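Chain by chain, the residues run as shown.
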Amino acid sequence: MNRVKFISVDYLRMNSTIEENVDDNKLIPFIYKSQDNYLQQVLGSTFFFHLSNAIINNALTTVEEDLIRVYIQPMVSEYTLYEAIPFLNYKLTNKAVSQENSEFSVSSELSNIKYMRNIILDMCEYYSERLVRQLCDYSELYPKYNNPDDNENVRANSNVYKNSVYIPKSGG
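**Notes on the packing of aromatic side chains**
Next up, step 1: Per the stated rule, a full pass over the model turns up seven aromatic pairs.
Next up, step 2: Both rings, one in Phe47 and one in Tyr142, keep their centres 6.0 Å apart while their planes meet at 55°; by these two values the pair is tilted. One end of the pair, Phe47, is in helix α2 (residues 24–56); the other, Tyr142, is in the loop between α4 (110–137) and α5 (143–146), and 95 residues separate them in sequence.
Next up, step 3: Look at Phe47 and you get buried, because its relative accessible area is 1%.
Next up, step 4: Stacked on the ring of Tyr32, the Lys or Arg Arg3 has its end atom at 4.0 Å from the ring centre.

Structure below.
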């Protein structure tokens, strides 16, 4: 099956803080990773592959086009940025993992990168929640989301927040 990108590298650059000088080839794997790890988890594999095939075959409905443009693309863009940030400053070669450097820049501290990723993760979860609400509130528009195939290998998950705080239910 052909792999589909729900966002282009140009879309990613226009909607994130990634500079023009970042090589496209460094970003594309993170687009696929964010789609596979986050988008497919929200949509479920049945609806995810339905949309992928509709893109390939130029058979998206107007409702699906709107879903992709308004809800899916912002989410994928944020998750791509989230996934790419730790790796944009490093080069993996057959000799070592090396840190790239420029004479006019200083590498960020790990604590700053973690802080930045936490802010981005908040946005990721916000856009994921928007997508889930759209799919649930207008479920009649998305039959492949509500009626997954029996052999679906990734079930749709509407719990998009990854917070590690446990809040017990009150008794009563």
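**Concerning the side chain of Thr80**
Next up, step 1: With respect to the helices, strands and loops of the structure, Thr80 is situated in helix α3 (residues 62–84).
Next up, step 2: Here Val76 takes part through its backbone oxygen, which lies 2.7 Å from a polar atom of the side chain of Thr80.
Next up, step 3: In contact with Thr80, not counting residues within four places along its chain, are Ile7, Leu12, Leu27, Phe30, Ile31 and Ser34.

**Focus on α3**
Next up, step 1: Relative to the 33 Å expected for 23 residues at 1.5 Å per residue, α3 spans 31 Å between its end C-alpha atoms, a close match to the ideal helical length.
Next up, step 2: Bending of α3 peaks at approximately 45° at the position of Ile72, with proline Pro74 no more than four residues after it.

**A short note on the packing of α3 against α4**
Next up, step 1: Relative orientation of the contacting elements α3 and α4 amounts to 155°, with a least axis distance of 9 Å. As far as their axial angle goes, α4 and α3 are roughly antiparallel. The hand of the α3/α4 crossing is left-handed. For the pair formed by α3 and α4, the contact residues are Leu67, Val70, Tyr71, Ile72, Pro74, Met75, Glu78, Tyr79, Leu81, Tyr82 and Glu83 on the first element and Arg117, Ile120, Leu121, Met123, Cys124, Glu125, Tyr127, Ser128, Arg130, Leu131, Gln134 and Leu135 on the second.

**Quick notes on the packing of α2 against α4**
Next up, step 1: With their axes 10 Å apart at the nearest point, α2 and α4 run at an angle of 35° to one another. Judged by residue contacts, Leu39, Val42, Leu43 and Phe47 of α2 engage Leu131, Val132 and Leu135 from α4.
Next up, step 2: Partitioned by chemical class, the residues of the contact of α2 with α4 number seven nonpolar, no polar and no charged.

**Concerning the nonpolar core**
Next up, step 1: Counting 36 residues, the largest nonpolar core has Leu39, Leu43, Leu67, Ile72, Leu131 and Leu135 as its most contacted members.
Next up, step 2: At the level of elements, α1 (9–14), α2, α3 and α4 are the ones that each hand at least two residues to this core.

**Examining the side chain of Ser16**
Next up, step 1: Tracing the backbone shows Ser16 in the loop between α1 and α2.
Next up, step 2: In terms of polar contacts, Ser16 uses its side chain to reach the backbone carbonyl oxygen of Leu12, at 2.6 Å.
Next up, step 3: At 3.3 Å, the side chain of Ser16 forms a polar contact with the backbone nitrogen of Ile18.

**With respect to a nonpolar patch on the surface**
Next up, step 1: Residues Val63, Tyr138 and Leu141 make up a contiguous nonpolar surface patch of roughly 240 Å² in combined accessible area.
Next up, step 2: What makes Val63 partly exposed here is its relative accessible area of 31%.

**Things to note about α2**
Next up, step 1: When the terminal C-alpha atoms of α2 are compared, their 21 Å separation across 33 residues is substantially less than the 48 Å that a helix rising 1.5 Å per residue should span.
Next up, step 2: Once α2 finishes, Asn58 follows within two positions and takes phi at roughly 55°, a positive value.

Definitions and cut-offs
Residues numbered from 1 in each chain as written. Predicted model: local features only at pLDDT ≥ 70, side-chain atom pairs only at ≥ 80, totals over all residues. Heavy atoms only, no water. Phe/Tyr/Trp six-rings, centres within 6.5 Å; stacked < 30°, edge-to-face > 60°. Helix = DSSP H or I, 4+ residues; strand = E, 2+ residues; numbered from the N terminus. Buried < 20%, exposed > 50% of the residue type's maximum accessible area, 1.4 Å probe, protein only. Lys NZ or Arg CZ within 6 Å of the ring centre and 35° of its normal. Polar contact = N/O pair within 3.5 Å; in protein donor to acceptor, adjacent residues only side chain to side chain. Contact = heavy atoms within 4.5 Å. Expected span 1.5 Å × (residues − 1). Bend = angle between axes of the 7 residues up to and from the residue. Axes fitted to C-alpha atoms, helices over the stretch in contact; angles between N-to-C directions. Parallel < 35°, antiparallel > 145°, perpendicular 65-115°, else oblique. Left-handed = near helix turned anticlockwise from the far one by under 90°. Nonpolar A, V, L, I, M, F, W, Y, C, P; charged D, E, K, R; others polar. Core = buried A, V, L, I, M, F, W, Y, C linked by side-chain atoms within 4.5 Å. Patch = residues over 30% accessible without salt bridge, like charges linked within 9 Å, V, L, I, M, F, W, Y side chains within 5 Å. Areas by Shrake-Rupley, 256 points an atom, 1.4 Å probe, with all protein chains shown as cover. Salt bridge = Lys/Arg side-chain N within 4 Å of Asp/Glu carboxyl O.

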